[in-house]
Amino acid sequence: RYVSQSRYQIYPEADIEYDVFGPHNYYKFQAEVRKKIEVEKKRTIIIDSFTMLTTSIINWQMDIKTGGTGAKITKSGLVVPSWDEFNGEVAEVTKLLEMLKLANCNVILTAHPVKKTKIEDGKGVIVESIASMGVKSPDMVPGYFKEVYYFKLRTSLSASSPPNYRDWE
């Protein structure tokens, strides 16, 4: 699971097991997801967040590629993702979502919204989507879930009133 330690700190008495994954241990993440799907019953798997998951998948692929000769390198020498990594990201996301739909437990996937300009009929239109390193994955994700919630952060001018999240209106 991609989950922050702060969730555990907020609920220290809760029975929460968490692991932190990134590009350096992506294979371990895949193995843990498979293991959880096979053994978890009436529990919840949370991936927090889709945004960081896709970033890790791209960076994982770039780490692999850096050892070879196929890396795309800028004039300044920086290794950057190419269409290979973006296609690999959608393949990995699809594989993960296909595995999760077989899970015999609750699955929660958090994501961050991002506004983008999309060109339609020669005009720029502002659309809101799930933040992702790739371009195809955000459109696929909602179809894998029975329920999708969108929350908007509402802040307060009063320092004594914490911000809260509300259903999108």
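Along each chain, residues carry numbers from 1 onward, in the same order as the chain's sequence is written. Local features in a predicted model are, by the rule used here, given only for residues with pLDDT of at least 70; side-chain atom pairs are given and counted only at 80 or more, and totals for whole chains, interfaces and linings are based on all residues. By convention in this description, side-chain values take in all heavy atoms of the structure and omit both hydrogens and water.

Student: Looking at this structure, how should I read the pattern of salt bridges?
Tutor: Salt bridge criterion: a side-chain nitrogen from Lys or Arg within 4 Å of a carboxyl oxygen from Asp or Glu. The tally for this structure, following the rule as stated, stands at 3 salt bridges. K101 serves as the salt-bridge partner of E98, at 3.0 Å between the closest nitrogen and oxygen. For every residue, the accessible area obtained with a 1.4 Å probe (protein chains only) is divided by the maximum for its type, and the residue is called buried under 20%, exposed over 50%, and partly exposed between those limits. Its relative accessible area of 31% is what places E98 among the partly exposed residues. The exposed category is assigned to K101, whose relative accessible area is 52%.

Student: Just checking my understanding: could you explain the nonpolar core for this structure?
Tutor: Nonpolar cores were defined as sets of buried Ala, Val, Leu, Ile, Met, Phe, Trp, Tyr and Cys residues, with membership established by side-chain atoms within 4.5 Å. Core analysis: the biggest nonpolar cluster contains 20 residues, and F29, V33, L53 and L96 have the highest contact counts within it. The way it works is that DSSP assigns letters per residue, a run of H or I at least four long becomes a helix, a run of E at least two long becomes a strand, and they are numbered from the N terminus. Of all elements in the fold, only α2 (26-39), β1 (44-47), α3 (50-66) and α4 (83-100) reach the threshold of two or more residues within this core. Counting residues per element, this core draws most heavily on α4, at 5 residues. Excluding residues within four positions of it along the chain, V33 makes contact with L96, M99 and L100. Residue contacts are defined here by distance: any two heavy atoms, one from each residue, within 4.5 Å place the two residues in contact.

Student: Quick question: what am I supposed to make of unusual backbone geometry here?
Tutor: Backbone geometry follows two general trends: most residues other than glycine have a negative phi, and most peptide bonds adopt the trans configuration. Following D48, the chain continues to S49 via a peptide bond in cis, the omega torsion being 20°. Mapped onto the elements, S49 comes out in the loop between β1 and α3. The residue D121 is not glycine, and still its phi comes out positive at about 55°. Tracing the chain through its elements places D121 in the loop between β5 (113-120) and β6 (123-130).

Student: Teacher, can you tell me more about the pairing of β6 here?
Tutor: Each regular strand shows side chains that alternate between the opposite faces of the sheet. DSSP bridges decide pairing: two strands pair if at least two such bridges lie between them. Looking at chain direction, β5 and β6 are connected through 8 bridges and run antiparallel. Bridge assignment links E120 to a residue of β6, and that residue is K123. Counted between consecutive antiparallel strands, the loop separating β5 from β6 contains 2 residues, among which D121 sits at a positive phi close to 55°.

Student: What am I meant to see in α4 here?
Tutor: An α-helical turn contains 3.6 residues, so any two residues separated by three or four positions project in the same direction. Here α4 spans 26 Å end to end across 18 residues, near enough to the 26 Å set by a 1.5 Å rise per residue. Among the residues of α4, E85, G88, E89, V90, E92, V93, L96, L97, M99 and L100 are the ones counted as buried. Each element contacted by the buried residues of α4 is listed here: α2, β1, α3, β4 (106-109) and α5 (137-140). Expected span, for any helix, means 1.5 Å times one less than how many residues it has.

Student: Whenever I open this one, the packing of aromatic side chains confuses me. Can you help?
Tutor: Pairing of aromatic side chains here covers Phe, Tyr and the six-membered ring of Trp, requires ring centres within 6.5 Å, and sorts the geometry by plane angle: under 30 degrees stacked, over 60 edge-to-face, intermediate tilted. This model, assessed by the stated rule, comprises 5 aromatic pairs. Here Y26 and F29 contribute two aromatic rings whose centre-to-centre distance is 5.8 Å and whose plane-to-plane angle is 35°, an arrangement assigned as tilted. With Y26 and F29 both in helix α2 and 3 residues apart, this pair spans about one turn of that helix. The two residues Y26 and F29 agree in class, both being buried. Seen from their ring centres, W83 and F86 are 5.7 Å apart, and the 70° between their planes marks the pair as edge-to-face. Within this pair, W83 and its partner F86 are both found in helix α4, separated by 3 residues, close to a single helical turn. On the basis of relative accessible area, F86 is assigned to the partly exposed category, the value being 22%. Members of the aromatic cluster, each reached through a chain of ring pairs, are F21, Y26, Y27, F29 and W60.

The analysis is restricted to geometry; functional conclusions fall outside its scope.
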